[in-house]
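One-letter residues, chain by chain:
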Amino acid sequence: MKVVNARLRRRTGLYSITLQDERIQSITAQPQLCVAQEGNLDAAGGLVIPPLVEPHIHLDAVLTAGEPEWNMSGTLFEGIERWGQRKATITHEDTKRRALTAIGLLRDHGIQHVRTHVDVTDPSLAALQAMLEVREEARNLVDLQIVAFPQEGIESFPDGRALMARAVEMGADVVGGIPHFENTREQGVSSIKFLMELAQRSGCLVDVHCDETDDPQSRFLEVLAEEARVRDMGTRVTASHTVAMGSYDNAYCSKLFRLLKRSGINFVSCPTESIHLQGRFDTWPKRRGVTRVAELDHAGMNVCFGQDSIKDPWYPLGNGNILRVLEAGLHICHMMGYEDLQRSLDFVTDNSARTLSLGDNYGLEPGRPANLVILDAEDDYEVVRRQAKARASVRLGRVIMQRHPERLEYPQ
Ligand code: FE2
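Residues numbered from 1 in each chain as written. Predicted model: local features only at pLDDT ≥ 70, side-chain atom pairs only at ≥ 80, totals over all residues. Heavy atoms only, no water.

Observations concerning the pattern of salt bridges
Working step 1: This structure, assessed with the given rule, holds 36 salt bridges.
Working step 2: Notably, a salt bridge pairs Arg98 with Asp94, separated by 2.9 Å at the nearest N-O pair. Of this pair, Arg98 and Asp94 are both found in helix 2 (residues 92-108), four residues apart, which corresponds to roughly one turn of the helix. Residues Arg98 and Asp94 agree in their burial class; the two are buried. (Salt bridge = Lys/Arg side-chain N within 4 Å of Asp/Glu carboxyl O. Helix = DSSP H or I, 4+ residues; strand = E, 2+ residues; numbered from the N terminus. Buried < 20%, exposed > 50% of the residue type's maximum accessible area, 1.4 Å probe, protein only.)

Let's talk about the coordination of the iron ion
Working step 1: Donor atoms from the polypeptide that coordinate the iron ion comprise His56 (NE2), His58 (NE2), His209 (NE2) and Asp308 (OD), at 2.2 to 2.4 Å from the metal.
Working step 2: For the iron ion, the four donor atoms in the first shell make angles of 83 to 176° at the metal, a pattern classed as irregular.
Working step 3: Read N to C, the donor residues that coordinate the iron ion are spaced as H-x1-H-x150-H-x98-D. Of the two residues, His56 is situated in strand 6 (residues 52-57) and Asp308 in the loop between strand 13 (302-305) and helix 10 (322-332); the sequence distance between them amounts to 252 residues. The pair formed by His56 and Asp308 is uniform in burial state, with each residue classed as buried. (Donors = N, O, S within 2.8 Å, 3.2 Å for Na, K, Ca; no water. Tetrahedral: all angles 85-135°; square planar, octahedral: opposite > 155°, others 65-115°.)

A few points about the sheet that holds strand 5 (residues 48-49)
Working step 1: Pairing within the open sheet is antiparallel, and its four strands lie in the order 5-14-15-16. The open sheet terminates on both sides in strands that have one partner only, identified here as strand 5 and strand 16 (398-402).
Working step 2: In the sheet, strand 14 (residues 372-375) pairs with strand 15 (residues 390-395) via four bridges, with the strands oriented antiparallel. Directly across from Leu375, in strand 15, lies its bridge partner Ala390. (Pairing = 2+ DSSP bridges.)

Let's talk about the pairing of strand 7 (residues 111-119)
Working step 1: Taking burial as the measure, the nine residues of strand 7 include nine buried ones, the bulk of the element.
Working step 2: Sheet analysis places strand 6 next to strand 7, joined by four bridges and oriented parallel. Each bridged residue has a counterpart across the sheet, and for Glu54 the counterpart in strand 7 is Val114.
Working step 3: Of the pairings in the sheet, the one linking strand 7 to strand 8 (residues 143-149) comprises seven bridges and is parallel in character. Residue pairing for strand 8: Val118 is matched across the bridge by Ala148.

With respect to the layout of surface pockets
Working step 1: Of the volumes computed, that of the largest pocket is approximately 390 Å³.
Working step 2: Every residue lining the largest pocket is counted, 27 residues in all, and those nearest its centre are Leu76, Phe77, Ile80, Glu212 and Gln278.
Working step 3: Looking at the lining of the largest pocket, the elements that each hand over two or more residues are helix 1 (76-87) and helix 8 (271-277).
Working step 4: Among the elements that line the lining of the largest pocket, the one with the most residues is helix 1, at three residues.
Working step 5: For the lining of the largest pocket, the class distribution of residues is nine nonpolar, 10 polar and eight charged.
Working step 6: Volume-wise, the second largest pocket comes out at about 320 Å³. (1 Å grid on protein atoms, 1.4 Å probe; cavity = no way out; pocket = protein on both sides within 12 Å on 5 of 7 lines; lining within 4 Å. Points joined across faces, edges and corners; volume = space filled by probe spheres on them. Nonpolar A, V, L, I, M, F, W, Y, C, P; charged D, E, K, R; others polar.)

This is the structure in structure tokens:
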């Protein structure tokens, strides 16, 4: 199969992309628009990109908002309470059904790589078992990385360490953590040492919910970065949220940046979730409660955006569209200068792929998997400005989603 009349990022002109045996065979320049042959896909001058990536979501919690009660205050802490209620009624089938429904939404928006956190502070590890099955059943739609996520702590939850180790044995891909939620500062630090050790021993990646609080004294990021540096694991480690960095003073942050850069770790910001949940203890002026995305990026570090939630106890909106999160992130992080807009898709494609350590399994280059998405706009700027839709999604050379443009009518 061929995709013709494609525009590509960072290149001018039109291209044809030939797919063969689940791989990209060649990418060749086209002198002008051509007529697509039977069986080929016509990008019609639209941008063709490798699939969009969702680097941070909680598929075990999606589509549960309001069950049994709504989060009335909209706070993180009431969210954890509401989730506790919902968790009591969760079943294997319920988790799988909701996760698969959400994966369908992600597919519809051109996403094919997903990292989901799954709560493992449950002696039965039922949600993890369900998600391991989802990972297999949804293989034709997405590559799913599963994070063993200790929502209620590793040190602060009964048998927390054993549950993490068991989750890795069962097949989790990534080791998670939540140091700022542990009962004490010391437990936060020891939880990071434990989880890094577990990851190093098992060969898992690491993705820690780190400093998801406006408390400027929440400084577990430096512990995580130093552990990653000493163990030489930086590229395999991700710090998610790090919103306390939005409240650190500049003197501390400038010292911290030196360590972060040397560590080589990755960052995920969830701007819609954070702008909703953080700043809740402020009156006015209110902090944004988002990490320093532009500053990390401009300092040469790897940052990407994630959506975190789709209609769950913490965040009632969301529909699977990562471009909506990108648009919000660009606003919230003061990233709408000309140059930022020209490369805005980095934050939902290449940077995210690097966070997920996708390596040669990602990218539009001959020899790599024939995974791509056609967008309904010609460049990064127009994609984000017009909130372009994914027109088609191709996975291993097979079309898994095709969207036909909506038609407007104007009666006399
Ligand atoms: Fe999260």
